[in-house]
Amino acid sequence: MTMRLVAAELVDSRQILPGQWLQSFHAPELASGSRAGQFVHVRTGDYSGLVLRRPFSINTADPATGIITLHFRMVGRGTEWMTRVREGERLDMLGPLGRPFEVDPRSHHLLLIAGGLGMAGVRMLADEAIRDGRGITILFGALSASHVYPSSLLPDEVEYVVATDDGSLGHHGYVTELVPDYEAWADQAFACGPQPMLARLAQLAAGRRDRLGVAKLGRKRGGGKSDPLGSAAARRKSFLQVSMEQTMGCAVGACLGCTVIGVEGPLRVCREGPVFAAEEIAWPASA
Amino acid sequence: MKAKRTIITFGDMRVGKDSDRSKRTPTVRKIKSAIVAVDRTKSPAGARPRVETGSSAVADLGAPTAPRPTLAEQAALDRIDLSIDLAPARGASEHGGLILANPILVASGTFGYGVEYGEVVDVQRLGAICCKGTTLRPRAGNAPPRVTETPGGMLNSIGLQNPGVDAVIEKYGPIWQTWKVPVIVNVAGESIEDYVEVARRLDGVPGVAGIELNISCPNVGKGGLQFAIDRDAARAVTAAVRRATELPLLVKLSPNVADVRPIAKAIEEAGADAITAINTLSGLAVSPDRTRAFLGNTYGGLSGPAIKPVALRIVYEVAQVVSIPIVAIGGVTSLDDVLDFLACGAVAVQVGTAIFADPELPVRLGDQLRAECLRRGFDSYRPFIGTALPKRTGASSAKGVEYRP
């Protein structure tokens, strides 16, 4: 679906974690036209001089009810304003924007890796994968037990594995440390979270093919035919896709504000992304 | 709320145009979309919940901009002349002037190459499009992050990322050619030779209606800002480009100078057809942990409502020393802003940062200006121009406007 301006009516707003909110909006056009990984650009009140919209991943979308949800952290005046919007009020949303996750039709097992609020970036992919009959494991990392995304908000079919930095729940350490256990099981991995986490995952993914001998076993996806970097076909064949974040202006590709550095030059998060194959990104060497 | 919904839905079903569809029981989805559609056409006085935050964002889409005019009103609106020639001095030549259907332009850097907003904006209804700054060779731009919001505005340091003039011509020229809206290519460079070469390559390209010289980009080491802060350099680059092309030539002023008037005067004398004022103000933001500057490039250009008073002051000053048309830019978000700039002597206005929040704004401003002319009993918007300028100088900047082929 092409992007459009939509008046989305708030139907429910809940604080699901300290400082984190889950809001449901009635927006049938967005609910039926969006794919996992895409985002909306939300206009906030300009009563205090806010001049930019705020981008949010579409957390879930249900075409049957016309409801989409957004999951966000209150970090500034724009998001603070959003928490005070009341049921029945409508927000001006531009969307759906950006390119979605690309799942290879032959992938049976998907590994989703989320750090903190990164859950919002991959959450919808879990629904799509279950609908398509794929197995899903979500690895989730947070500061402590009190910041762990409630399992009640995830579909029953998901295997949910948690790591906390302070060890108060699940694995004691970073979520990236859980990944090696799953790299043989997973056909593809999809991640969203802080950039150091994504950089570490990219590092792990880069050596995976050699470690597992996938290429030698003749399971090279696409029969060795190479698709142009950044194309949907190339992303489908990539083991790791990441959803990236950047401060954003227009969100349609006009202002060139939200770039990240790719191996072939700057990439617009709003247009070429927010989902990228890991090998498209020039990761900082220190990761 | 519940009861009203039922009524609306029922009414909508009863008058369903498609008889086939009206026999079927609508699904939940159909009913809900009908509610949205009906709600949108309700009058502003409708029962939409009041928003106490004073926000214009909430339910903005739900409120129609104006009641649909009657046929007679529409005919009166259509008679109002919003057209403007930004290059009246070229009017007689074969290339003609730079005639815009209305004086609301979209600013360089905020509207890409005119195609990015797709169906969200009807580009044909804009006065003109100033495209992203274009240089001779491709540029990768500055390190991210490149934008951040500031009180009443934003800072950007894109750094003139663009694919180079040849790629721009090849990729977008054929599209622009099919549009009736004029496209003005914003040109940047590091040397006079760069500017001249880009202008030369744009000359005669179908779909390119004019050039806006960006001699004031604050975001690149040698982005041409040196041309905008020095009178003789501004004169030299304008004159050189003037010799290189027959295209209508606008030159964009920088506010980052002590006195803009001698520079504006030099640009006029060097043969520019019009002046655009202003570019962004140089600014800085600090990273959240306060260990460095936030932007990858350290400095950024400030735009948005925060700079409107500065832009007004500069337009006001320039209007009193030049007689070529002035295109104002800086923090326009409403019709009042447009009228303020016109009163200070501008003949046209560019909308920039506000597009990011409200992509439909430029088109709406054109409609609102037309309606305002009708309300005031004017047959064009000319009477709005220069009314706030000191009386002894008269409407000097409007002289170029009066001269029409």
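For the structure, see preceding data.
Reading guide: rules and limits
Residues numbered from 1 in each chain as written. Chains lettered and ligands numbered in written order. Predicted model: local features only at pLDDT ≥ 70, side-chain atom pairs only at ≥ 80, totals over all residues. Heavy atoms only, no water. Pairing = 2+ DSSP bridges. Helix = DSSP H or I, 4+ residues; strand = E, 2+ residues; numbered from the N terminus. Axes fitted to C-alpha atoms, helices over the stretch in contact; angles between N-to-C directions. Buried < 20%, exposed > 50% of the residue type's maximum accessible area, 1.4 Å probe, protein only. Contact = heavy atoms within 4.5 Å. Polar contact = N/O pair within 3.5 Å; in protein donor to acceptor, adjacent residues only side chain to side chain. Expected span 1.5 Å × (residues − 1). Parallel < 35°, antiparallel > 145°, perpendicular 65-115°, else oblique. Nonpolar A, V, L, I, M, F, W, Y, C, P; charged D, E, K, R; others polar. Salt bridge = Lys/Arg side-chain N within 4 Å of Asp/Glu carboxyl O.

A. Looking closely at the sheet that holds strand β5 (residues 147–150) of chain B. All names here are of chain B. As summarised here, the arrangement of the 4 strands in space is β5-β6-β12-β11, forming an open sheet in which the pairing is antiparallel. The two strands at the open ends of the sheet, each matched to only one other strand, are β5 and β11 (281–284). Direction aside, the axes of adjacent strands within the sheet are offset by 40° on average. The pairing of β11 with strand β12 (residues 299–303) spans 4 bridges and is antiparallel. Note that in β12 the partner of Gly 283 across the bridge is Gly 300.

B. Spotlight on the sheet that holds strand β10 (residues 274–277) of chain B. All names here are of chain B. Taken in spatial order, the 8 strands close into a barrel running β3-β4-β7-β8-β9-β10-β13-β14, and their pairing is parallel. Between one strand and the next, the sheet's axes are offset by a mean angle of 25°, whatever the strand orientation. In terms of strand pairing, strand β8 (residues 210–214) meets strand β9 (residues 249–252) through 4 bridges, oriented parallel. Across the sheet, Leu 213 pairs through a bridge with Val 251, a residue of β9.

C. Highlighting the environment of Arg 235 of chain A. All names here are of chain A. Considering the arrangement of structural elements, one finds Arg 235 in helix α7 (residues 232–237). The exposure class of Arg 235 is buried, given its relative accessible area of 1%. Residues Arg 235 and Ala 278 lie 43 residues apart in sequence; the distance between their C-alpha atoms is 8.8 Å. Discounting chain neighbours no more than four positions away, the residues touching Arg 235 are Arg 99, Glu 102, Gln 188, Gly 230, Gln 241, Glu 272, Val 275, Phe 276, Ala 277 and Glu 280.

D. How the structure looks around the pairing of strand β1 (residues 4–17) of chain A. Residue and element names in this part refer to chain A. Across 6 bridges, the pairing between β1 and strand β7 (residues 90–97) is antiparallel. For Ala 8, the partnering residue across the bridge sits in β7 and is Leu 91. Relative to strand β2 (residues 20–26), β1 is paired through 7 bridges, and the arrangement is antiparallel. Its bridge partner being in β2, Asp 12 is matched across the sheet by Ser 24. Here β1 folds back onto β2, and the loop between the two strands holds 2 residues, one of which, Gly 19, carries a positive phi near 75°.

E. Focus on the environment of Arg 139 of chain B. Residues and elements named next belong to chain B. Considering the arrangement of structural elements, one finds Arg 139 in the loop between β4 (128–130) and β5. We classify Arg 139 as partly exposed; its relative accessible area is 23%. Here the side chain of Arg 139 touches Gly 159 through a polar contact of 3.3 Å, landing on its backbone oxygen. Of note is the side chain of Arg 139, whose polar atom sits 3.4 Å from the side chain of Glu 190.

F. View of helix α12 (residues 361–376) of chain B. All names here are of chain B. Counted at 1.5 Å a residue, the expected span for α12 with its 16 residues is 22 Å, and the 22 Å between its end C-alpha atoms agrees. Regarding α12, the residues found buried are Leu 361, Pro 362, Val 363, Leu 365, Gly 366, Leu 369, Glu 372 and Cys 373. The inward-facing, buried residues of α12 abut β3 (104–106), α10 (335–343), β14 (348–351) and α11 (354–357). Backbone geometry just after α12 places Gly 377 at a positive phi near 80°.

G. Broad picture of the packing of helix α9 (residues 308–319) of chain B against α10 of chain B. All names here are of chain B. Relative to each other, α9 and α10 sit at 25°, their axes nearing to 9 Å. Compared by their axis directions, α9 and α10 come out roughly parallel. Where α9 approaches α10, its residues Lys 308, Ala 311, Leu 312 and Val 315 are matched on the opposing element by Asp 337, Asp 340 and Phe 341. Classifying every residue of the contact of α9 with α10 by side-chain character gives 4 nonpolar, no polar and 3 charged.

H. Main features of helix α8 (residues 261–269) of chain B. Within the span of α8 of chain B, buried status applies to Ile 263, Ala 264, Ala 266, Ile 267 and Glu 268 of chain B. The inward-facing, buried residues of α8 of chain B abut α7 (231–244), β9, β10 and α9 of chain B.

I. Inspection of the pattern of salt bridges at higher detail. All told, the structure shown has 36 salt bridges over all chains when counted by the stated rule. A salt bridge links Glu 197 of chain B to Arg 201 of chain B, with the shortest nitrogen-to-oxygen separation between them at 2.9 Å. With a gap of 4 residues between them, Glu 197 of chain B and Arg 201 of chain B both fall in helix α6 (residues 192–202), about one helical turn apart. Here the residues in one salt-bridge network are Arg 43, Arg 53 and Asp 92 of chain A together with Asp 358 and Arg 364 of chain B, joined through shared partners.

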